[in-house]
Number of protein chains: 2
Amino acid sequence: MKYQKIPEATIRRLSRYSRCLEEIEQAGEGVVSSAQLATRCMVNAAQVRKDLAYFGEFGIRGVGYYVKDLLSDIKKILGSNKEWRMAVIGIGNLGSALLSYKDFLKQNYKIVAAFDIDPPSVIGRVSEKLGKPVEVIHINRLKEVAKERRIEIGLITTPPSEAQSVADLLVEAEVKGILNFAPTQIIVPEGFVAKDVFFTTILDNLAYLLSNN
Amino acid sequence: MKYQKIPEATIRRLSRYSRCLEEIEQAGEGVVSSAQLATRCMVNAAQVRKDLAYFGEFGIRGVGYYVKDLLSDIKKILGSNKEWRMAVIGIGNLGSALLSYKDFLKQNYKIVAAFDIDPPSVIGRVSEKLGKPVEVIHINRLKEVAKERRIEIGLITTPPSEAQSVADLLVEAEVKGILNFAPTQIIVPEGFVAKDVFFTTILDNLAYLLSNN
DNA sequence: CAAATTTTGTGAAAGGAGTCACATAATTGA
DNA sequence: TCAATTATGTGACTCCTTTCACAAAATTTG
Ligand SMILES: NC(=O)c1ccc[n+]([C@@H]2O[C@H](COP(=O)([O-])OP(=O)(O)OC[C@H]3O[C@@H](n4cnc5c(N)ncnc54)[C@H](O)[C@@H]3O)[C@@H](O)[C@H]2O)c1
Ligand SMILES: NC(=O)c1ccc[n+]([C@@H]2O[C@H](COP(=O)([O-])OP(=O)(O)OC[C@H]3O[C@@H](n4cnc5c(N)ncnc54)[C@H](O)[C@@H]3O)[C@@H](O)[C@H]2O)c1
């Protein structure tokens, strides 16, 4: 298998396979075929095999895939086997919800810091949400704390007007990954990765499907 | 222009164009070219024209597109010109955040009801979040209230274990569109539309890009 | 132990989506 | 009025993704 550019769709599906494999593992299955996994993930079986083939050979012909091994391999591919250290910036409604999102704990995504421009007003609201109290830190200490706590991903939940300047701060602090929930497009330099999560786009999509079916 | 299946990517981009056109309109521009819009949305100019061509001819050769008209046309295509009446089910951390999401007001997405299985514990927390107090209603009144308030879209923010059964209730209440935030795949019958929003997939994607660049 | 069965991995084919390039149409200005 | 300019709409082309189909490999069965 020689090097090729991997489609983004493949990466998204790997994440789906990962979730399904966890359920299959829970159910006590030791081995799974591409056909079974495909049915569960609602994709084509050849698609599953092709996706995996980008990264190597993980199955045994005539048998299938060992669930535990495949899950571990996929997590290694995705980079979700290591622990990712995250910060939330903007502890309002959405930021607070993210702080108390329990699934992050189960996965290897860990929120290790919370920032706001107005910490006193929010510090009471979020404490103890994650089991242990979360201290909300003033945004002007972002760079210092990001270094100290080795933050790798920043979740932006400030108003849209502030999103780009917060992203700039994250870049300055060498936080390489950004997930932006504010409805404005974020631009980061080469070497950094920013993804925008637009709720309205998702709703527009739904509205379109509802209007045209 | 004859009928064709419209790519989902086109619909997503139309939503993006819509957002950009709003900014352009705000800036007081009356006319925009496909090249200008494309630069702003970070896509190819021909892509913009192709996307629009699926639905008709909206521009004037040698001139460009009238911003106001194009915005209105795109919203008509997406179905986001009409008001969409939504309900949030599961008024915990995320559900409360959605209730107080101010951008829904600006767009034509309106939350007109909130449901939970344990209303007394949450009723105080969400009141007045949207300007006017929001009454949290017991889930067992979903069908009745959905009819009464003409609810068209349900946002599921319950624990994953409850997500499918809540979806079933929504289907029974003939709520045609579902946006599911719980990390579990929802299945709905023909004629209904369900979209899952998996936070972990988005993070896995980011993790992959950070691990491999 | 060999034939039958199962299921992977992968080249080839088919199907979609994105880009290019240019004819076409509107406008401007001399 | 007509040439020059501008920018759309779209056929053709390229590139990418998905599906098909089957040889290869492992296992099971008689
Ligand atoms: N509420 C939702 O459900 C929801 C959903 C999708 C997207 N969003 C987006 O997420 C963002 C936050 O939404 P919200 O409802 O939580 O708003 P919010 O007003 O409740 O919270 C914003 C927080 O950001 C803080 N802040 C402002 N400027 C800052 C800065 N420069 N640095 C650090 N912190 C700063 C504020 O003090 C406040 O605590 C918005 O952009 C919104 O559009 C919200
Ligand atoms: N918190 C986040 O930031 C976040 C982010 C992404 C996804 N999610 C997902 O969204 C969902 C909610 O997360 P949360 O953190 O708000 O959880 P939460 O526990 O704070 O809220 C869940 C709410 O749902 C209610 N509920 C339970 N069963 C119900 C039923 N059958 N009918 C109606 N209401 C019911 C509960 O009473 C509770 O109020 C979860 O599935 C979670 O995985 C949360």
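The sections below set out a description of the structure shown in this document. Keep in mind that this is a model prediction, so the values were computed, not measured.

What counts as what
Residues numbered from 1 in each chain as written. Chains lettered and ligands numbered in written order. Predicted model: local features only at pLDDT ≥ 70, side-chain atom pairs only at ≥ 80, totals over all residues. Heavy atoms only, no water. Near = heavy atom within 4 Å. Polar contact = N/O pair within 3.5 Å; in protein donor to acceptor, adjacent residues only side chain to side chain. Areas by Shrake-Rupley, 256 points an atom, 1.4 Å probe, with all protein chains shown as cover. Helix = DSSP H or I, 4+ residues; strand = E, 2+ residues; numbered from the N terminus. Nonpolar A, V, L, I, M, F, W, Y, C, P; charged D, E, K, R; others polar. Buried < 20%, exposed > 50% of the residue type's maximum accessible area, 1.4 Å probe, protein only. Pairing = 2+ DSSP bridges. Phe/Tyr/Trp six-rings, centres within 6.5 Å; stacked < 30°, edge-to-face > 60°. Lys NZ or Arg CZ within 6 Å of the ring centre and 35° of its normal. Contact = heavy atoms within 4.5 Å. Buried area = accessible area lost by both parts, 1.4 Å probe. Axes fitted to C-alpha atoms, helices over the stretch in contact; angles between N-to-C directions. Parallel < 35°, antiparallel > 145°, perpendicular 65-115°, else oblique.

**Details of the site of ligand 2**
Argument step 1. What surrounds ligand 2 is a group of 22 residues, the closest being Ala97 of chain A together with Asn93, Leu94, Asp116 and Thr158 of chain B.
Argument step 2. Chains contributing residues near ligand 2 are chains A and B.
Argument step 3. Between Ala97 of chain A and ligand 2, the recorded distance is 3.0 Å, taken from a backbone N or O atom to an oxygen atom.
Argument step 4. In the model, a nitrogen atom of ligand 2 is placed 3.5 Å from a nitrogen or oxygen of the Glu162 of chain B side chain.
Argument step 5. Surface burial for ligand 2 is 87%, taken as the share of its 830 Å² of free accessible area covered by protein chains.
Argument step 6. Elements with a contribution of two residues or more to the shell around ligand 2: helix 5 (93-99) of chain A together with helix 5 (93-99) and helix 9 (160-172) of chain B.
Argument step 7. In terms of residues, the shell around ligand 2 owes the most to one element, helix 9 of chain B, which gives three residues.
Argument step 8. The residue inventory of the shell around ligand 2, partitioned by class, reads 15 nonpolar, five polar and two charged.

**Looking at the pairing of strand 3 (residues 84-89) of chain B**
All names here are of chain B.
Argument step 1. Taken across its six residues, strand 3 has six buried, putting it largely inside the fold.
Argument step 2. Along strand 3, one buried face is formed by Trp84, Met86 and Val88 and the opposite face, lined by Arg85, Ala87 and Ile89, is buried too.
Argument step 3. Bridging between strand 3 and strand 4 (residues 109-116) involves six bridges; their strand directions are parallel. Note on strand 4: the bridge partner recorded for Arg85 is Lys110.
Argument step 4. Relative to strand 6 (residues 153-156), strand 3 is paired through four bridges, and the arrangement is parallel. Of the residues in strand 6, the one forming a bridge with Ile89 is Ile156.

**Things to note about the packing of aromatic side chains**
Residues and elements named next belong to chain A.
Argument step 1. Inspection of every chain in the model, using the stated rule, returns eight aromatic pairs over all chains.
Argument step 2. Pairing Tyr101 with Phe104 gives two aromatic rings, centres 4.8 Å apart and planes at 70 degrees, and the pair type is edge-to-face. The exposure classification of Tyr101 matches that of Phe104, with both residues buried.
Argument step 3. One residue, Lys176, lies across the ring of Phe192, its end atom 5.7 Å from the ring centre.

**As for the interface of chain A and chain B**
Argument step 1. In this assembly, 57 residues from chain A lie in contact with 57 residues from chain B.
Argument step 2. Here chain A packs against chain B, burying approximately 5000 Å² in sum over the two surfaces, 67% of which is carbon and sulfur.
Argument step 3. Inspection of the region where chain A meets chain B yields 14 residue pairs in polar contact (both at pLDDT 80 or more).
Argument step 4. At 13 residues, the largest contribution of residues to the side of chain A that touches chain B is made by helix 10 (residues 199-211) of chain A.
Argument step 5. Tallied by class, residues from the side of chain A that touches chain B come to 32 nonpolar, 13 polar and 12 charged.

**Some words on the sheet that holds strand 7 (residues 177-180) of chain A**
Residue and element names in this part refer to chain A.
Argument step 1. With parallel pairing, the six strands of this open sheet are ordered in space as 5-4-3-6-7-8. Each edge of the open sheet is held by one strand with a lone partner, namely strand 5 (136-138) and strand 8 (193-196). Taking the axes of each pair of neighbouring strands and ignoring which way they run, one obtains an average angle of 25 degrees across the sheet.
Argument step 2. Its contacts with the sheet put helix 9 (residues 160-172) on strand 3 (84-89), strand 6 (153-156) and strand 7, and the angle it makes with strand 6 is roughly 165 degrees.

**Let's talk about the protein's contact with DNA strand C**
Argument step 1. Contacts to DNA strand C come from 24 residues, most closely from Ser34, Arg49, Gly62 and Tyr65 of chain A together with Arg61 of chain B.
Argument step 2. Here Arg13 of chain B contributes a side-chain N or O atom positioned 3.0 Å from a phosphate oxygen of DNA strand C.
Argument step 3. With respect to DNA strand C, the side chain of Lys50 of chain B contributes an N or O atom lying 3.0 Å from a base oxygen.
Argument step 4. Among the elements of the structure, helix 3 (45-53) of chain A together with helix 3 (45-53) of chain B are those that each provide at least two residues to the surface near DNA strand C.
Argument step 5. With four residues, helix 3 of chain B is the largest single contributor of residues to the surface near DNA strand C.

**Some details on the protein's contact with DNA strand D**
Argument step 1. Taken together, the neighbourhood of DNA strand D is formed by 25 residues, with Arg13 of chain A together with Ser34, Arg49, Gly62 and Tyr65 of chain B sitting nearest.
Argument step 2. The side chain of Lys50 of chain A places a nitrogen or oxygen atom 3.1 Å from a base oxygen of DNA strand D.
Argument step 3. Take the surface near DNA strand D: its biggest share by element is four residues, from helix 3 of chain A.
Argument step 4. When its residues are assigned to classes, the surface near DNA strand D shows 10 nonpolar, seven polar and eight charged.

**Side note on the packing of helix 2 (residues 34-41) of chain A against helix 3 of chain A**
Residue and element names in this part refer to chain A.
Argument step 1. Where helix 2 contacts helix 3, the axes come no closer than 8 Å and their chain directions differ by 105 degrees. Considering the angle they form, helix 2 stands roughly perpendicular to helix 3. For the pair formed by helix 2 and helix 3, the contact residues are Ser34, Ala35, Leu37 and Ala38 on the first element and Ala45, Val48 and Arg49 on the second.
Argument step 2. For the contact of helix 2 with helix 3, the per-class residue count stands at five nonpolar, one polar and one charged.

**Quick notes on the packing of helix 1 (residues 8-26) of chain B against helix 2 (residues 34-41) of chain B**
All names here are of chain B.
Argument step 1. Two elements in contact, helix 1 and helix 2, have axes whose closest approach is 10 Å; the angle formed by their N-to-C orientations is 105 degrees. Classified by the angle their axes make, helix 1 and helix 2 are roughly perpendicular. Facing helix 1, whose interface residues are Arg16, Tyr17, Cys20, Leu21, Glu23 and Ile24, helix 2 presents Leu37, Arg40 and Cys41.
Argument step 2. Here the residues of the contact of helix 1 with helix 2 are counted per class, giving six nonpolar, no polar and three charged.

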